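Summary of the model geometry
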Amino acid sequence: MLKDNILKILDLNKELIKDMFSIDENGIDSIRELLNKDRESFKHVVDDIFLSDIGNREKMVAYYLIGYSNGARTRNMTNKSRKL
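Going along each chain's sequence as written, the residues are numbered from 1 onward. Owing to the predicted nature of the model, reporting of local features is limited to residues with pLDDT of at least 70; listing and counting of side-chain atom pairs is limited to 80 or more, with chain, interface and lining totals taken over all residues. Excluded from the side-chain calculation are hydrogens and water; included are all heavy atoms of the structure.

1. A few points about helix α2 (residues 14–21)
Only protein chains enter the area calculation, which uses a 1.4 Å probe; residues under 20% of their type maximum are buried, those over 50% are exposed, and those in between are partly exposed. Strands are runs of DSSP state E lasting at least 2 residues, helices are runs of H or I lasting at least 4, and numbering of each runs from the N terminus. Among the residues of α2, I17, K18 and F21 are the ones counted as buried. Burial along α2 is one-sided: seen end-on, the buried residues are contained in an arc of 100°. Those residues of α2 that are exposed and angled more than 90 degrees off the buried face are D19 and M20. Directly after α2, the chain includes S22, whose backbone phi takes a positive value near 55°. Directions drawn from the helix axis to the C-beta atoms are what define this arc.

2. Examining the nonpolar core
Looking at soluble globular proteins, one finds that nonpolar side chains tend to be buried together. Only buried Ala, Val, Leu, Ile, Met, Phe, Trp, Tyr and Cys residues count toward a nonpolar core, and they belong to the same one when joined by side-chain atoms within 4.5 Å. In terms of nonpolar packing, the biggest core is built from 18 residues, with I17, I31, L35, I49, V61 and L65 touching the most fellow members. Of all the elements in the fold, those that place two or more residues in this core are α1 (2–12), α2, α3 (25–36), α4 (42–51) and α5 (56–83). Contacts are assigned to residue pairs that have any heavy atoms within 4.5 Å of one another. Setting aside chain neighbours within four positions, we find V61 in contact with I17, F21, I23 and I31.

3. Describing the pattern of salt bridges
We count a salt bridge whenever a side-chain nitrogen from Lys or Arg sits within 4 Å of a carboxyl oxygen from Asp or Glu. Applying the stated rule across the entire model yields six salt bridges. One salt bridge connects R32 with D11, and the closest N-O pair in it is separated by 2.7 Å. Placement of the pair is R32 in helix α3 and D11 in helix α1, with a sequence separation of 21 residues. A salt bridge links R32 to D29; its shortest N-O distance comes to 3.1 Å.

4. Some words on the packing of aromatic side chains
Two rings belonging to Phe, Tyr or Trp (six-membered ring only in the last case) form a pair when the distance between their centres is within 6.5 Å. Interplanar angles under 30 degrees mark stacking, angles over 60 mark edge-to-face geometry, and anything in between is tilted. With the rule as written, the count across this model stands at two aromatic pairs. Look at F21 and Y64: their rings are 5.8 Å apart centre to centre, the planes differ by 55°, and that puts the pair in the tilted class. Placement of F21 in helix α2 and of Y64 in helix α5 is noted, with a sequence separation of 43 residues between them. With relative accessibility at 45%, the residue Y64 sits in the partly exposed group. Where Y64 meets Y68, the ring centres are 6.4 Å apart and the plane angle is 25°; that geometry is what we call stacked. Remark: Y68 and Y64 occur in helix α5; sequence separation between them is four residues, near one turn of the helix. What links up through ring pairs into an aromatic cluster is the set F21, Y64 and Y68.

If you want it as structure tokens, here you go:
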């Protein structure tokens, strides 16, 4: 679920991300490939990003997208619990 949200954010904001972080289309594709892999846990995702051979900017964007998506998910859960 979180992975799907991250990929959706990446697709919707691709041009903005490319401009803000000065990465090219190949960098976006590298992030997408890295995040598309199936993993057992969040720890494996972070380990794969850290150990991958993609550039530092691409790693930074991947971590940023994970944090942004996780924060949005947490905010939605908090808002739902307040309504109950």
